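Structural description and commentary
If you want the building blocks of each chain, they are given just below.
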Amino acid sequence: MRSNLRPTNGLALAALLVLACSCASKEPRLTGYPPTADLKVEAKPELSVEAVASGSDNALALHDDEVEAWGERGWETVARICRWSVTNGASLPFRCPKPPPDS
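Residues numbered from 1 in each chain as written. Predicted model: local features only at pLDDT ≥ 70, side-chain atom pairs only at ≥ 80, totals over all residues. Heavy atoms only, no water.

Observations concerning the side chain of threonine 77
- When you line up the elements, threonine 77 lands in helix 4 (residues 57–87).
- Here arginine 73 takes part through its backbone oxygen, which lies 2.9 Å from a polar atom of the side chain of threonine 77. (Helix = DSSP H or I, 4+ residues; strand = E, 2+ residues; numbered from the N terminus. Polar contact = N/O pair within 3.5 Å; in protein donor to acceptor, adjacent residues only side chain to side chain.)

Okay, here's the thing in structure tokens:
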């Protein structure tokens, strides 16, 4: 039995099916972005020339404390972005750190 569809109609139908299938993605689509504050890069604290020249143990210890706090803030930011990603549909092969008790 012969089909009444012309070849061009069949091709148009096939093209529509391909387009429909290619548009349907199983990947999550983000509808927003992480908080702006979490995307801002904070410069690493630098040891001043004066602190090095003075050789003050107190100045060096203060700088070490500043670098330590800077690093902790950075990893807290990574943890927040991780939790934000999971909230927005990302499936990660690891677990995000829990927020600190005071937040």
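On we go from here.
Points about the state of the cysteines
- Here the structure, examined in full by the defined rule, presents 1 disulfide.
- With a sulfur-sulfur separation of 1.9 Å, cysteine 82 is cross-linked through a disulfide to cysteine 96. Sign of the S-S torsion, about -75 degrees for the bond between cysteine 82 and cysteine 96, identifies this disulfide as left-handed. Of this pair, cysteine 82 sits in helix 4 while cysteine 96 is found in the segment after helix 4, placing the two residues 14 residues apart along the sequence.
- Classification of cysteine 82 as buried rests on a relative accessible area of 10%. (Disulfide = S-S within 2.5 Å. Buried < 20%, exposed > 50% of the residue type's maximum accessible area, 1.4 Å probe, protein only.)

Considering a negative patch on the surface
- A contiguous patch of negative charge, built from Asp64, Asp65, Glu66, Glu68, Glu72, Glu76 and Asp102, is present on the exposed surface.
- Looking at the element boundaries, glutamate 76 is found in helix 4.
- Judged by relative accessible area, glutamate 76 falls into the partly exposed class, the value being 39%. (Patch = residues over 30% accessible without salt bridge, like charges linked within 9 Å, V, L, I, M, F, W, Y side chains within 5 Å. Areas by Shrake-Rupley, 256 points an atom, 1.4 Å probe, with all protein chains shown as cover. Salt bridge = Lys/Arg side-chain N within 4 Å of Asp/Glu carboxyl O. Lys, Arg positive; Asp, Glu negative; His and termini not counted. Charge placed at Lys NZ, Arg CZ, Asp CG, Glu CD.)

Details of the pattern of salt bridges
- Counting across every chain of the model gives 2 salt bridges.
- Two residues, aspartate 38 and arginine 80, come together in a salt bridge whose shortest N-O distance is 2.7 Å. One end of the pair, aspartate 38, is in helix 2 (residues 36–39); the other, arginine 80, is in helix 4, and 42 residues separate them in sequence.
- Judged by relative accessible area, which is 34%, arginine 80 ranks as partly exposed.

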